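# Chain and residue survey
In case you want the letters, here they are:
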Amino acid sequence: MDMCYDGALVLPSSYAVMEEEDMMYLEGGNWSVKTLWYNIVGAAGQYGVFKSICKRVSVKGKTVWAWACSAVSWAKDKAIGYLGAFCAKIGVEMATVSRLIGVIVGVSTAFAIGYLGTHKVFY
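Residues numbered from 1 in each chain as written. Predicted model: local features only at pLDDT ≥ 70, side-chain atom pairs only at ≥ 80, totals over all residues. Heavy atoms only, no water.

## Brief notes about the overall build of the chain
A tally of helices and strands in the chain yields four helices and two strands. When the 123 residues of the chain are sorted by exposure, 9% land in the buried category. Contacts in the chain between residues far apart in sequence, at least 24 positions, make up 55% of those at least 6 positions apart. Of the roughly 10300 Å² of accessible surface on the chain, a fraction of 67% belongs to carbon and sulfur atoms. (Helix = DSSP H or I, 4+ residues; strand = E, 2+ residues; numbered from the N terminus. Buried < 20%, exposed > 50% of the residue type's maximum accessible area, 1.4 Å probe, protein only. Contact = heavy atoms within 4.5 Å. Areas by Shrake-Rupley, 256 points an atom, 1.4 Å probe, with all protein chains shown as cover.)

## What to know about the pattern of salt bridges
Across all of its chains, the model carries one salt bridge by this definition. Notably, a salt bridge pairs K76 with D77, separated by 3.8 Å at the nearest N-O pair. Exposure remark for K76: the relative accessible area of 49% places this residue in the partly exposed category. With a relative accessible area of 46%, D77 lands in the partly exposed category. (Salt bridge = Lys/Arg side-chain N within 4 Å of Asp/Glu carboxyl O.)

## Here's the deal with helix α2 (residues 33-56)
Its 24 residues give α2 an end-to-end C-alpha distance of 34 Å, which sits within 8% of 34 Å, the value for a rise of 1.5 Å per residue. The set of residues buried in α2 consists of T35, L36, N39, G42 and C54. Sitting at the amino-terminal end of α2 is S32, which places a side-chain oxygen 3.1 Å from the backbone nitrogen of K34. (Expected span 1.5 Å × (residues − 1). Polar contact = N/O pair within 3.5 Å; in protein donor to acceptor, adjacent residues only side chain to side chain.)

## Let's talk about the packing of aromatic side chains
On inspection of all chains with the given rule, the structure shows four aromatic pairs. One Lys or Arg, K62, reaches over the ring of W67 and ends 4.6 Å from the middle of that ring. (Phe/Tyr/Trp six-rings, centres within 6.5 Å; stacked < 30°, edge-to-face > 60°. Lys NZ or Arg CZ within 6 Å of the ring centre and 35° of its normal.)

## Structural notes on a nonpolar patch on the surface
Where nonpolar side chains cluster on the molecular surface, the patch consists of W37, Y38, I40, V41 and Y123 and spans about 510 Å² of accessible area. With respect to the helices, strands and loops of the structure, V41 is situated in helix α2. What makes V41 partly exposed here is its relative accessible area of 42%. (Patch = residues over 30% accessible without salt bridge, like charges linked within 9 Å, V, L, I, M, F, W, Y side chains within 5 Å.)

## Quick word on the side chain of T35
Mapping T35 onto the fold places it in helix α2. Exposure remark for T35: the relative accessible area of 15% places this residue in the buried category. Apart from residues lying up to four places away in sequence, T35 is in contact with L116, G117, T118, H119 and Y123.

## A word on the environment of W31
On the secondary structure map, W31 appears in the loop between α1 (20-27) and α2. Of the residues examined, W31 reaches a relative accessible area of 43% and is grouped as partly exposed. Remark: the alpha-carbon pair of W31 and T118, spanning 87 residues in sequence, is separated by 4.7 Å. What W31 contacts, discounting residues up to four positions off in sequence, is L36, I113, G114, G117 and T118. Polar contacts involving the side chain of W31 include one to the main-chain carbonyl oxygen of I113, which spans 3.2 Å.

Right under this line is the structure:
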């Protein structure tokens, strides 16, 4: 290919210089274990700070962390109960629904790992 411009390269006055890393981010970048690891470490650090604060703050003598743990346990038990009742009502076995939920969780996990391996989210 022949160049049709013989002089020095002149850029417009409003051009923006971008680093290679920024270009990768705009283009989506390549999947990288390093990026995934930094996201995991960053998320764990943020989770640790949240957990630490929740363990220090108490309401009526019970830490916020203990309240949150008991709420998650209660919600899990209720969800299993409602799911069992729903399955009984529509005539589907709970094992079939459990497999479907397993597939959904697996696909979601694969997507999350793929996304966290290509994007800066937690660091």
